[in-house]
Amino acid sequence: MNNNPIIIRFENLYKSFRDSNGTQNVLNNISANVRLGEFVTIVGPSGCGKTTLFNLILGSEKPTTGQILVESKSVTGPDRDRGVVFQRYSLFPHLTVLQNIVFGLEVQEFSLASRWFHPIRYTKKRREFKEQACDYLDRIGLQEHADKYPHQLSGGMRQRVAIAQALITNPKILLMDEPFGALDNQTREQMQHFILEQWQERQMTIFFVTHDTEEALYLATRIWVLSPYYKEAEGSKIVIDHAVPGPHPKPDSAKYTDWFTEMLARLRKEGLDRTYLQSIREFDLSHPDAGK
Ligand SMILES: Nc1ncnc2c1ncn2[C@@H]1O[C@H](COP(=O)(O)OP(=O)(O)OP(=O)(O)O)[C@@H](O)[C@H]1O
Ligand SMILES: [Mg+2]
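Because the structure is predicted, anything quoted here is derived from the model rather than measured. (Residues numbered from 1 in each chain as written. Chains lettered and ligands numbered in written order. Predicted model: local features only at pLDDT ≥ 70, side-chain atom pairs only at ≥ 80, totals over all residues. Heavy atoms only, no water.)

Notes on unusual backbone geometry
Stage number 1. The peptide bond linking Gly246 to Pro247 adopts the cis configuration, its omega dihedral lying at 5°.
Stage number 2. Within the secondary structure, Pro247 sits in the loop between strand 10 (237-243) and helix 8 (258-272).
Stage number 3. The peptide bond linking His248 to Pro249 adopts the cis configuration, its omega dihedral lying at -10°.
Stage number 4. Counting through the fold element by element, Pro249 comes out in the loop between strand 10 and helix 8.
Stage number 5. For Asn12, which is not glycine, the phi dihedral falls at a positive 45°.
Stage number 6. Here Asn12 is to be found in strand 1 (residues 6-19).
Stage number 7. One non-glycine residue, Asn29, lies in positive phi territory at about 60°.
Stage number 8. With respect to the helices, strands and loops of the structure, Asn29 is situated in strand 2 (residues 22-35). (Helix = DSSP H or I, 4+ residues; strand = E, 2+ residues; numbered from the N terminus.)

Considerations on the pattern of salt bridges
Stage number 1. Using the criterion set out here, one finds 14 salt bridges in the structure.
Stage number 2. Note that Glu189 and Lys255 form a salt bridge whose closest N and O atoms lie 3.9 Å from each other. Taken together, the residues Glu189 in helix 6 (residues 185-201) and Lys255 in the loop between strand 10 and helix 8 connect sequence positions 66 residues apart.
Stage number 3. The partly exposed category is assigned to Glu189, whose relative accessible area is 33%. (Salt bridge = Lys/Arg side-chain N within 4 Å of Asp/Glu carboxyl O. Buried < 20%, exposed > 50% of the residue type's maximum accessible area, 1.4 Å probe, protein only.)

Here's what the structure looks like:
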């Protein structure tokens, strides 16, 4: 069990959107504590609010009520302690691999104004960034692709660059929104190993959205199912919050054990089956840091 300090706290989080057609409740009273170094995977039906939850963690959207605390400070906007990788479009198409990665470092260090007022410092720093980015590309085996543009890379390589771009600034929290959803199975497995290696190397907390329950169970130290099915008009709740037993990371062979198959079947029934969820009111929040 992870006894690390709590890095992020969700406190009675509600999110609704209002438009001319009325109010749509998306998130309904999300509460939980997440500790440093956890790998939380999130599954749930399309439209249940997974990306919305990420936007709230990033601070690009504000909760309707409730709050998110990162290291005890309320999230009020984006910050370098939270990085993000999307399924697509994380990279700038007009920048090379190296430039995309340098960009992550530049954003952290320089505002536009300081580039203008400190041009010499900016040029010197830029050189350092470039060296740092080259070292990093070397470490993740992408050095030979440094001068290519995103459209010249395979899907797996693009996602490795997107992960590198998010990680080079050393965020404490990495949000990954279906990052491997567009990849073929073999590349997806390679990328699962890649992200587990990166996770192991740093004391990083990951939130990872996927539609693939097998991927969710394989990667996670903790699994959430977000669902509106119990009462759709009220928005989604966490209906399952489970600690996934170790080892972490798991060997590939874990996927072929009885435990894994049984756990998958349970997740699909108790977390994703509409009829089942409509018939219960008590959710399976057995994780000790689950919100009640
Ligand atoms: N800015 C917004 N304005 C109005 N409605 C929004 C906004 N963002 C999201 N929504 C609505 O909130 C609901 C949840 O959307 P969200 O993108 O979070 O779902 P999701 O779980 O990520 O779905 P998917 O699995 O398809 O990516 C949707 O009905 C969506 O239309
Ligand atoms: Mg989404």
